[in-house]
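# Observations on chain architecture
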Amino acid sequence: MKTIKPTAIACVLALSVLPFAANAATEQEKQSRNQIEDTYNAAKKQCDTLSGNGKDVCVEEAKANRKVALADLEAATKGTEKARYDAQVARAEATYSVAKERCDDKAGQAKDECVQAAKTAEEKAKADAKASRKTADARRDENATAAKADQQAANKKRDAERDLAKEKCDRLAGDAKTNCLSDVRSRYGS
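The sections below set out a description of the structure shown in this document.

Cut-offs applied
Residues numbered from 1 in each chain as written. Predicted model: local features only at pLDDT ≥ 70, side-chain atom pairs only at ≥ 80, totals over all residues. Heavy atoms only, no water. Helix = DSSP H or I, 4+ residues; strand = E, 2+ residues; numbered from the N terminus. Buried < 20%, exposed > 50% of the residue type's maximum accessible area, 1.4 Å probe, protein only. Contact = heavy atoms within 4.5 Å. Areas by Shrake-Rupley, 256 points an atom, 1.4 Å probe, with all protein chains shown as cover. Salt bridge = Lys/Arg side-chain N within 4 Å of Asp/Glu carboxyl O. Disulfide = S-S within 2.5 Å. Phe/Tyr/Trp six-rings, centres within 6.5 Å; stacked < 30°, edge-to-face > 60°. Lys NZ or Arg CZ within 6 Å of the ring centre and 35° of its normal. Axes fitted to C-alpha atoms, helices over the stretch in contact; angles between N-to-C directions. Parallel < 35°, antiparallel > 145°, perpendicular 65-115°, else oblique. Nonpolar A, V, L, I, M, F, W, Y, C, P; charged D, E, K, R; others polar. Expected span 1.5 Å × (residues − 1).

## A few points about the overall build of the protein
In terms of helices and strands, the protein carries 5 helices and 0 strands. Taken from N to C terminus, the helices and strands of the protein fall in the order α-α-α-α-α. Across the 190 residues that make up the protein, the buried fraction comes to 18%. Counting only contacts in the protein whose residues sit at least 6 apart along the sequence, the fraction spanning at least 24 positions is 55%. Split by element, the accessible area of the protein, about 13,800 Å² in all, is 54% carbon and sulfur.

Put into structure tokens, the structure is as follows:
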């Protein structure tokens, strides 16, 4: 009768747990999405008690909050720079849509200025999001460049140590030299 090694059992258990962990994350995301929708529906229902532009603003705020919450959830779930950028853009667009709806309370020149101010704020927020993304991309590239430079420095150090060890071997003769060079090759490669 063959015995099963503990490591094999651990591997089987780990592999059997992975789908459950993925399902738990997916289930949690579904619950979060449902909660966002429930919050939206409740907020929208409260808007039914209002009338006129107040109701329109209320509905627009409910939509904006849902849009931002979904974008934030997506950013948290994916964890990518693009998802974070998309969440910032969604926030800017949501803020603009609410501000624009509030401008409907005004008329004439005041309304035009209100809409223009809202549009300017949206464009500024989107520009800030784009700048943040470019900064993050630059940091990522800088970190990759620094890692490459660190690796090159480590390689140069290793090569210098190898050359020094070979130099020491060259001072020896016979079997001692052969053993020394063999040791250098095994330690440093080539």
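Text resumes after the structure shown.
## Re the pattern of salt bridges
Under the criterion given, the structure shown has 20 salt bridges. Put simply, Glu61 and Arg102 hold a salt bridge, and the shortest N to O gap is 2.1 Å. Of this pair, Glu61 sits in helix H2 (residues 52–78) while Arg102 sits in helix H3 (residues 81–103), placing them 41 residues apart in sequence.

## Here we look at the state of the cysteines
For the coordinates displayed, the defined rule picks out 3 disulfides. What pairs with Cys47 in a disulfide is Cys58, and their sulfur atoms sit 1.9 Å apart. Note on the Cys47 and Cys58 pair: the S-S dihedral is about -80°, so by sign convention the disulfide is left-handed. Taken together, the positions of Cys47 in helix H1 (residues 6–47) and Cys58 in helix H2 put the pair 11 residues apart, joining distant regions of the chain. Residue classification places Cys47 among the buried positions, given a relative accessible area of 0%.

## Comments concerning the packing of aromatic side chains
Each aromatic ring pair is characterised by the separation of its centres together with the angle its planes make. Tallying each qualifying case throughout the model produces 0 aromatic pairs. One residue, Arg66, lies across the ring of Tyr40, its end atom 3.8 Å from the ring centre. Taking NZ or CZ as reference, Arg133 lies 5.2 Å from the ring centre of Tyr85, over its face.

## Examining the packing of helix H4 (residues 108–170) against helix H5 (residues 174–188)
At a closest axis distance of 9 Å, the pairing of H4 and H5 adopts a crossing angle of 170°. If you check the angle between H4 and H5, you find them roughly antiparallel. Seen from H4, the contacting residues are Arg158, Glu161, Arg162, Ala165, Lys166, Cys169 and Asp170; seen from H5, they are Lys177, Cys180, Leu181, Val184 and Tyr188. Class assignment of the residues belonging to the contact of H4 with H5 gives a composition of 6 nonpolar, no polar and 6 charged.

## Thoughts on H3
If you check H3, its first and last C-alpha atoms are 33 Å apart, about what 23 residues at 1.5 Å a residue would give, namely 33 Å. Among the residues making up H3, those that are buried are Ala83, Tyr85, Ala87, Val89, Ala90, Ala92, Ala94, Tyr96, Val98, Glu101 and Cys103. At its buried positions, H3 is contacted by H2 and H4.

## Thoughts on the environment of Ala75
Counting through the fold element by element, Ala75 comes out in helix H2. C-alpha separation for the pair Ala75 and Gln88, spaced 13 residues apart in sequence, amounts to 9.6 Å. Discounting residues that sit within four places of it in the chain, Ala75 has contacts with Thr80, Ala83, Arg84 and Ala87.

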